[in-house]
Amino acid sequence: MKALKFVIVPTLAIFGLWNLSKIPAYFEFRPMNNVTYDAAKCENPELDHYLGVHQLLNQSIELRPFGCTGMQNQWNLYVMFGIKSPFKLFSDVENFLIPHCAMGVVLEVLLILALLQGSRGLYDRSKFFLPLAAVFAIHILPVAKGAPDSMAGGAPINEVLVAVILVVCLVGAKGMRDDFNNNGQMQPREKHAGATLITAWVVIGILINIAPVGEWVLMISNWGYDPPKTEDHPHPESGSDFYAGLKCPWIGKIACMFLMLSVFMYGFEIYAAARGESWRSPFSRNGPAIWQIFQEPAPGTDRWLFLRPETFLEATGECFVMCMGVSWVITAMFNPGIFQDNILRSIVGYNNLCVGFDSPPARYVAMPMLVLQAVLASRYSYLDTIRLRGTRDQLTFRQFWFAYCSNWVFALHMMCFPMLLVITADFMSWETTKIHLLLFMVTLVIMWMMIAGNVYEAPELELDTKIWFSFFTAHTFLLPVAGVINVLGFGKDVPADQIHLLRYEKPHPPVPWPITAYLDYGWFLLLLLTVMFLPKAPPVKTRFHCSYRDSCDPEDTSEEYSQVSTPTISSMHSVSSFDSDVIGKKVDSDA
């Protein structure tokens, strides 16, 4: 069985990576459909097959438009290497292909986790896996007449697959109920799943992987396909399917981003549980960090509190993620054209996260959320500095002052971070664009300093923290290098007041856009894992007290707090779990 696992897991990983490689191609390279197809240009033998219209100053060189072939199988290989396929797809890119690929990737990841961890804990993962599998199947129905039905003379292959997946999901749900009833008082995640639930996972895993196997068979059997221009055109029904008729292309893209982020963080939720530190989990059972803080924004007096600075740091990240999500939804609804016409895309070749909130009306919503982020970041710096002072006798001179200065710089910078929405990147102002990019690059270094301060002051580092911080450091310093090269290479022969004339030119950054995109999005993903991999550190023990004499004035308000020394491995949630208390400071001894 173990030998079989070592074969299946890499195979599923390859299938998942295959589908994952399609998503950037779907996002950045939109093909023509039967509605937008321009036969005059696409079938003109005098035009080379390459890009679009190259507009530089007042000179235009017309080339054959990109995407004349229409959407096809292995679109990722066509975008990267020009490999064509005779099998055209008619389903909408934004609302079907993008979210469907994302769901496929997530299901593959969950299957891999199940194989690696075994049936123990399968109950909890089924709460995510079975509903997603059902949505994955239902999502096919409006375009079920496409491949492979169309290749099999109209046989209802897709419809049968959908029906079987839905039935198996229902059977799996029954298996979940049986497991819950049979577990008694023990948590379901602590017991092995029953045969019914395991069978449901196996059947669904087989069914969803029929597609990539069939796609590879078709690709190999038609390798070298290169039809004449007059025969290489989109599917006749493309642009007219159910999903294209929704006229909401942003729905699928937002769903894709949400799914990919969720499964990424979910994988580390399992990792946190395995370490026995569930408080680090992005899916903590106490709720998101912001929720934990808002439950008691003003702690009661005369009782001891244990405040983790990391909770406020995690809330800072959650606030930024919410800002990004809301901003991208608003931009996609009210200003979708910005995704194809913005200077950042022209410089680096893709849309980075800033594009979502750089333009109105999303900018007006993002500003207060970034202000809230600054408040949470400042509270983190305050509490972490208290902890730093409380453990000063355990730190060297360099450790203390590097961490101390990093906290101050981090707090001050986060207060200035909303200026990114004031000094924006725009074709009509090359100077403000360069300042905007400079602010972002400075942010990378300051975030690294804040994290490096925690790493440097730690008495010892675990291997996973070393690996994570090494990757984060590499991304932090390689991304600005790639960014500077792209900025210097953008319009270097064009006067600053004529940069706007490059807005319709196909992006050709000096650093290939997949490399910059990997460093960019990779940096943000690694940043989201900060709380997960930060070195162990004690919470701040604090108590608030207000004493009234004749009148209560600011001098009568007191705050007592003490620092706790290095915790034992067993727990960090109670006083008894610490070896000793190190008194950091006491104000107002009149209590």
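Residues numbered from 1 in each chain as written. Predicted model: local features only at pLDDT ≥ 70, side-chain atom pairs only at ≥ 80, totals over all residues. Heavy atoms only, no water.

## Some thoughts on helix 14 (residues 397–416)
Okay, so step 1: With 20 residues, helix 14 should reach 28 Å at 1.5 Å per residue; the first-to-last C-alpha distance of 29 Å fits that figure.
Okay, so step 2: Within helix 14 the residues assigned to the buried category are Q399, F400, A403, Y404, S406, N407, F410, A411, H413 and M414.
Okay, so step 3: Packing partners of the buried residues in helix 14 comprise helix 11 (309–334), helix 13 (362–390) and helix 15 (430–457). (Helix = DSSP H or I, 4+ residues; strand = E, 2+ residues; numbered from the N terminus. Expected span 1.5 Å × (residues − 1). Buried < 20%, exposed > 50% of the residue type's maximum accessible area, 1.4 Å probe, protein only. Contact = heavy atoms within 4.5 Å.)

## Thoughts on the state of the cysteines
Okay, so step 1: Scanning all chains against the criterion turns up one disulfide.
Okay, so step 2: Linked covalently through their sulfurs, C42 and C68 form a disulfide whose S-S length is 2.0 Å. Disulfide C42-C68: torsion about the S-S bond near -75°, hence left-handed. On the criterion of sequence distance, the pair formed by C42 in helix 2 (residues 39–42) and C68 in the loop between strand 2 (59–62) and helix 3 (75–81) is long-range, its members being 26 residues apart.
Okay, so step 3: This cysteine, C101, is not joined by any disulfide, and C256 carries the nearest cysteine sulfur, 8.3 Å off.
Okay, so step 4: Relative accessible area serves as the criterion here: at 8%, C101 is assigned to the buried category.
Okay, so step 5: Not part of a disulfide, C319 finds its nearest cysteine sulfur in C323, a span of 6.9 Å.
Okay, so step 6: Taking relative accessible area as the criterion, C319 reaches 1% and is therefore assigned buried. (Disulfide = S-S within 2.5 Å.)

## Notes on the pattern of salt bridges
When the charged atoms of two side chains lie near each other, side chains of opposite charge can form a pair.
Okay, so step 1: Per the stated rule, a full pass over the model turns up 11 salt bridges.
Okay, so step 2: Of the charged contacts, one joins E310 and R387 as a salt bridge, the two residues approaching to 2.9 Å between their closest N and O atoms. Of the two residues, E310 sits in helix 11 while R387 sits in helix 13, which places them 77 residues apart along the sequence. Accessibility classification places E310 together with R387 in one group, the buried group.
Okay, so step 3: Residue E462 is joined to K536 by a salt bridge in which the shortest nitrogen-to-oxygen separation is 3.9 Å. Of this pair, E462 sits in the loop between helix 15 and helix 16 (463–489) while K536 sits in the loop between helix 18 (530–533) and strand 4 (540–546); the two residues are 74 residues apart in sequence, bridging distant segments of the chain.
Okay, so step 4: On the basis of relative accessible area, E462 is assigned to the partly exposed category, the value being 36%. (Salt bridge = Lys/Arg side-chain N within 4 Å of Asp/Glu carboxyl O.)

## With respect to the environment of V487
Okay, so step 1: Structurally, the position occupied by V487 is in helix 16.
Okay, so step 2: For V487, a relative accessible area of 16% puts it in the buried group.
Okay, so step 3: As for V487 and P509, which are separated by 22 residues in sequence, their C-alpha atoms are 8.5 Å apart.

## A few points about the layout of surface pockets
Okay, so step 1: What the second largest pocket holds in volume is close to 1,000 Å³.
Okay, so step 2: As for the second largest pocket, its lining consists of 42 residues, and the residues nearest its centre are H100, A147, P148, N158 and A211.
Okay, so step 3: Mapped onto the lining of the second largest pocket, the elements with two or more residues apiece are helix 1 (2–28), helix 4 (93–117), helix 6 (157–182), helix 7 (195–208) and helix 8 (210–221).
Okay, so step 4: Partitioned by chemical class, the residues of the lining of the second largest pocket number 25 nonpolar, 13 polar and four charged. (1 Å grid on protein atoms, 1.4 Å probe; cavity = no way out; pocket = protein on both sides within 12 Å on 5 of 7 lines; lining within 4 Å. Points joined across faces, edges and corners; volume = space filled by probe spheres on them. Nonpolar A, V, L, I, M, F, W, Y, C, P; charged D, E, K, R; others polar.)

## A few points about the nonpolar core
Okay, so step 1: In terms of nonpolar packing, the biggest core is built from 78 residues, with I343, I347, F357, F410, I451 and W523 touching the most fellow members.
Okay, so step 2: Sequence-distant contacts of I451, that is, excluding residues within four places in its chain, are made with W468, F469, F472, L527, T530 and L534.
Okay, so step 3: In terms of nonpolar packing, the next biggest core, distinct from the first, is built from 55 residues, F29, L111, F129 and M176 among them. (Core = buried A, V, L, I, M, F, W, Y, C linked by side-chain atoms within 4.5 Å.)

## Examining empty space enclosed by the protein
Okay, so step 1: Applying the stated rule across the entire model yields five cavities of 30 Å³ or more.
Okay, so step 2: By volume, the largest cavity amounts to about 180 Å³.
Okay, so step 3: V348, N352, L437, F440 and G483 are, among the 14 residues lining the largest cavity, the residues nearest its centre.
Okay, so step 4: Contributions of two or more residues to the lining of the largest cavity are made by helix 12 (343–348), helix 15, helix 16 and helix 17 (513–528).
Okay, so step 5: A per-element tally of the lining of the largest cavity places helix 15 first, with four residues.
Okay, so step 6: Here the lining of the largest cavity is composed, by residue class, of 10 nonpolar, three polar and one charged.
Okay, so step 7: By volume, the second largest cavity amounts to about 120 Å³.
Okay, so step 8: Considering the residues around the second largest cavity, the lining is formed by 16 residues, among which M32, N33, S91, V93 and S238 are closest to the centre.

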